[in-house]
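# Structural description and commentary
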Amino acid sequence: MIKVLFICHGNICRSTMAQCVLTYMVKQRGLEDMFYIDSAATSREEIGNGPHYGTVNKLRQVGIPVIPHRAVQMTKDDYDKYDYLIGMDTANIRNMNRIAGGDPQGKIYKLTAFAGYGGDIADPWYTGNFDETYRDVMAGCEGFLKYLNL
């Protein structure tokens, strides 16, 4: 079982989008039994809230099911629970390392690294551009599956 945790600041936009996208991709390939996929936040600001309406609208627009999810915060225990902890931007990576107490096993990644570039996925909470976020999330998730040779 490959355990993946997507992480962003609030767990209502980017990480939930990535969770839904990767879940959809593995289901399309018939690989859902190989994965456990979830998402979390580095902050506590949105704890308990559902996905942002912009994320929901974008996923519906492209025909990807929205997974029922409520924002949760990443914990130190998540580092041991998951094989891949995948953040959306440089600040997320810094905060993930702080929460985990470092990355001795090399489990923390930035999603765009799997797409062949190391830039940040812009937070649509601030930009309002869910199309751009979706493009980056798709590229990262596709690259992640290629990285895993799936």
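Here's what I pulled together on the structure shown here. (Residues numbered from 1 in each chain as written. Predicted model: local features only at pLDDT ≥ 70, side-chain atom pairs only at ≥ 80, totals over all residues. Heavy atoms only, no water.)

Okay, the overall build of the protein chain next. Along the protein chain, the regular secondary structure elements total six helices and four strands. Start at the N end of the protein chain and walk to the C end: the helices and strands fall as β-α-β-α-α-β-α-β-α-α. For the protein chain, whose C-alpha radius of gyration is 14 Å, the value lies close to the compact-globule estimate of 15 Å for 150 residues. In terms of overall dimensions, the protein chain has a C-alpha envelope of 40 × 35 × 30 Å along the principal axes. The burial tally for the protein chain puts 52% of its 150 residues in the buried class. For the protein chain, the exposed surface amounts to about 7,200 Å²; the carbon and sulfur share of it is 49%. (Helix = DSSP H or I, 4+ residues; strand = E, 2+ residues; numbered from the N terminus. Rg over C-alpha atoms; globule rule 2.2 N^0.38 Å. Buried < 20%, exposed > 50% of the residue type's maximum accessible area, 1.4 Å probe, protein only. Areas by Shrake-Rupley, 256 points an atom, 1.4 Å probe, with all protein chains shown as cover.)

With their axes 9 Å apart at the nearest point, helix 1 (residues 14-28) and helix 6 (residues 130-147) run at an angle of 45° to one another. Put simply, helix 1 runs oblique to helix 6. Seen along the crossing, helix 1 lies across helix 6 with a hand that is right-handed. Across from Arg14, Met17, Ala18, Val21, Leu22, Met25 and Val26 in helix 1, the residues of helix 6 making contact are Phe130, Thr133, Tyr134, Val137, Met138, Cys141, Glu142, Phe144 and Leu145. (Axes fitted to C-alpha atoms, helices over the stretch in contact; angles between N-to-C directions. Parallel < 35°, antiparallel > 145°, perpendicular 65-115°, else oblique. Left-handed = near helix turned anticlockwise from the far one by under 90°. Contact = heavy atoms within 4.5 Å.)

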